[in-house]
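Architecture at a glance
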Amino acid sequence: VVKLRGTVHDITERKRAEISIKRLNRVYAMLSGINALIVRVHDRDELFREACRVAVDEGGFRMSLICIVDRSVMKIVPIASAGKDEELLTVIKGVLSSSEGARNSMVARAIREKKAVVSNDSQSDPGVLFGKQYADAGVRSMVVLPLIISDEALGVLALYADETDSFDEEEMTLLTELAGDIAFAIDHIEKQERLDYLAYYDVLTGLANRSLFLERVA
């Protein structure tokens, strides 16, 4: 009996190790794909759209979502997604558009606390606002990673998995690194856009300057 128990335990541990390695390999593939995007993409919307696609295609996540904080109206706005379940996405957008619902969401917590918020069992986690809808969409665990620039969370990357206990410490280390890379890319794009604007427009009037005028004449 003792020998049988030991054998079962060994097999179980080996299976867990295999699953963990498989997950990490997917995350490494996603990291590689998104970092390649960061090098070649110079448009923020394209970066968001492609990053979500890579998270699903290479990372093996059931769904991915990027939201940005719109400071002008003080709302969290979904910008890009992939692998999406339309009904679930509609529910998420509805919650984020509601002042009360948005404030209690995992997305808002990640932005407010400037740290990752994880649910490894979204069906039974009281911190998840609509566990049933996640269950219906095949989501069993999720993580919301803040995108931080200059100590300010400008948005989040949310990843949804179809297994419980999907986000362990090792995987979270890699995903946190990934969120930092995306935030760095956003910051770089915004600074480049600002430089491009200053090169052609007067900072006070917003009118085209001599350089843009001559370029258009040419």
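Now for a description of the structure that goes with this document. (Residues numbered from 1 in each chain as written. Predicted model: local features only at pLDDT ≥ 70, side-chain atom pairs only at ≥ 80, totals over all residues. Heavy atoms only, no water.)

1. Focus on the pattern of salt bridges
Here is the rule we go by: Salt bridge, as used here: a side-chain nitrogen of Lys or Arg that lies within 4 Å of a carboxyl oxygen of Asp or Glu. Strands are runs of DSSP state E lasting at least two residues, helices are runs of H or I lasting at least four, and both sets are numbered from the N terminus onward. For each residue, the accessible area found with a 1.4 Å probe, counting protein chains only, is set against the maximum for its type, and the residue is called buried under 20%, exposed over 50%, and partly exposed in between.
By the definition in use, this model includes 7 salt bridges. Taking the shortest distance from any N to any O, the salt bridge between R44 and E190 comes out at 3.0 Å. On the criterion of sequence distance, the pair formed by R44 in helix 2 (residues 44-57) and E190 in helix 7 (residues 169-200) is long-range, its members being 146 residues apart. For E190, a relative accessible area of 31% gives the class partly exposed. In this structure, E50 engages R53 in a salt bridge whose closest nitrogen and oxygen atoms are separated by 2.9 Å. With E50 and R53 both in helix 2, this residue pair falls 3 residues apart, about one helical turn. By relative accessible area, which is 34% here, R53 ends up partly exposed. Shared partners join several salt bridges into a network, and the residues in it are E50, R53 and D57.

2. Details of empty space enclosed by the protein
Cut-off, in case you're wondering: Every definition here rests on a 1 Å grid over the protein atoms only: cavities are sets of points where a 1.4 Å probe fits but cannot get out, pockets are open sets enclosed by protein on both sides within 12 Å along at least five of seven lines, and lining residues have some atom within 4 Å of a point. Grid points are joined across faces, edges and corners, and a volume is the space filled by probe spheres set on the points. Residues are grouped as follows: Ala, Val, Leu, Ile, Met, Phe, Trp, Tyr, Cys and Pro are nonpolar; Asp, Glu, Lys and Arg are charged; all remaining types, including Gly, are polar.
Using the criterion set out here, one finds 1 cavity of 30 Å³ or more in the structure. Here the largest cavity is characterised by a volume of approximately 130 Å³. Lining the largest cavity are 14 residues, and of these S105, M106, F130, Y134 and M142 lie nearest its centre. Only helix 3 (86-97), helix 5 (106-113) and strand 4 (141-149) provide two or more residues apiece to the lining of the largest cavity. The dominant element in the lining of the largest cavity, judged by the number of residues it contributes, is helix 3, at 3 residues. Of the residues that constitute the lining of the largest cavity, the class distribution is 12 nonpolar, 2 polar and no charged.

As far as function goes, none of this settles anything; it's purely spatial.
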